[in-house]
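Next come the chains, spelled out residue by residue.
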Amino acid sequence: MTKKNIAAIIAAALMVVSLSACSSVRPQADGQAGATEQTSQTKPKVDANSSASIKGAASNQKEGQHTDSHRAVIYFSDPEGSDMNALEGSTQYLAHIIAQKTGADVFRIVPVKAYPTDHSAHTAQAKLEQSENARPAIKDDFGDLSQYDTIFLGYPIWWGDLPMPVYTFLESHDLSGKKIILFGTYGSSGLGDTPEHVQSIEKGANVEDRTYSVQASDVGSAKDKVLSWLSELGY
Ligand SMILES: Cc1cc2nc3c(=O)[nH]c(=O)nc-3n(C[C@H](O)[C@H](O)[C@H](O)COP(=O)(O)O)c2cc1C
């Protein structure tokens, strides 16, 4: 074998390694609250163990399936260009860690009309919905939520607020008497006033003060922090 052939084989091998390292989680949009344009992209760094957890969570959790659990994880996650059947959203990842640890049933808030896969169109539609205070229709497959006394509610921050489909969910379900524990992901801005917004809609619920949130770029290494937060909450 010539030196040229050996160099070509090494180059091909390096390319395979680098592509597979990039493929575990898609790039996340980094929208800035109040910004007119969203351009920067961050890619969560998922270490080998976290990546294994993502795959494990995907195969172990059947979303929407009812058990006799009194806990539910309900989340919205909409990474641009996502395959809704793949586990790749930042908030989705947190949701499955929480469900695995707490034994909760998992439900995803899914809009009837999917968001565009193109970045600019996606963020523009989200912005328009927010400016119109829209309530996009969601596939309401939650069934009877009365069996749950605790709801872990997760969402990404969109334009400094809850994504509008989360408002649709909250306003169509009376969660009075339940404990609501919030978790979320963001590009840079944190959860902002969203816990107060949830409490103002779900007046009869007990919204836990101790929320968990993480920047999208750090979500791949957040598992230990999520577990210690759950431990502080008694799970
Ligand atoms: C439409 C849109 C608006 C966003 N607005 C904000 C924002 O105002 N502040 C922020 O910190 N991140 C913002 N982001 C970034 C997301 O909160 C972040 O990427 C999140 O982790 C995505 O979660 P997901 O992968 O579960 O969908 C925005 C993302 C999108 C798609």
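Residues numbered from 1 in each chain as written. Predicted model: local features only at pLDDT ≥ 70, side-chain atom pairs only at ≥ 80, totals over all residues.

Per an unreviewed UniProt entry, the recorded name for the protein is Flavodoxin-like domain-containing protein, and the organism is Megasphaera massiliensis.

Enquirer: Tell me about the nonpolar core, and name the residues and values.
Expert: Membership of the largest hydrophobic core comes to 44 residues, with the highest contact counts inside it found for V73, I74, L94, I98, F152 and V166. If you list the elements that add at least two residues to this core, you get β3 (71-75), α3 (90-102), β4 (105-108), β5 (150-156), α5 (164-172), β6 (179-186) and β8 (212-215). The leading source of residues in this core is α3, at six residues. Apart from residues lying up to four places away in sequence, F152 is in contact with V73, I98, A104, I181 and F183. (Core = buried A, V, L, I, M, F, W, Y, C linked by C-beta atoms within 7 Å. Buried ≥ 20, exposed ≤ 12 C-beta atoms within 10 Å, placed from the backbone. Helix = DSSP H or I, 4+ residues; strand = E, 2+ residues; numbered from the N terminus. Contact = placed C-beta atoms within 7 Å.)

Enquirer: Go over the packing of α3 against helix α7 (residues 223-232) with me, naming the residues and quoting the values.
Expert: Interaxial distance between α3 and α7 falls to 10 Å at its minimum, and their mutual angle equals 45 degrees. Of the possible angle classes, the one that applies to α3 and α7 is oblique. The handedness of the crossing between α3 and α7 is right-handed. Each of L94, I97, I98, K101 and T102 in α3 lies in contact with α7, whose residues at this interface are K223, V226, L227 and L230. Here the residues of the contact of α3 with α7 sort into six nonpolar, one polar and two charged. (Axes fitted to C-alpha atoms, helices over the stretch in contact; angles between N-to-C directions. Parallel < 35°, antiparallel > 145°, perpendicular 65-115°, else oblique. Left-handed = near helix turned anticlockwise from the far one by under 90°. Nonpolar A, V, L, I, M, F, W, Y, C, P; charged D, E, K, R; others polar.)

Enquirer: Just give me the short version of the pairing of β4, but keep the residues and values in it.
Expert: Within a regular beta strand, the side chains point alternately toward one face of the sheet and then the other, so they alternate between its two faces. Here β4 shows no split at all, with D105 and F107 on one side and V106 and R108 on the other all buried. Relative to β4, β3 runs parallel, the two sharing four bridges. Paired with Y75 across the bridge in β4 is R108. (Pairing = 2+ DSSP bridges.)

Enquirer: Tell me what's going on with the environment of T91, and back it up with residues and numbers.
Expert: With respect to the helices, strands and loops of the structure, T91 is situated in helix α3. Given 27 C-beta atoms within 10 Å, T91 falls into the buried group. T91 sits 93 residues away from G184 along the chain, and the two C-alpha atoms are 6.0 Å apart. In this view, T91 contacts Y75, F76, S77, G154, Y155, P156, G184 and T185; residues no more than four positions away in its chain are not counted.

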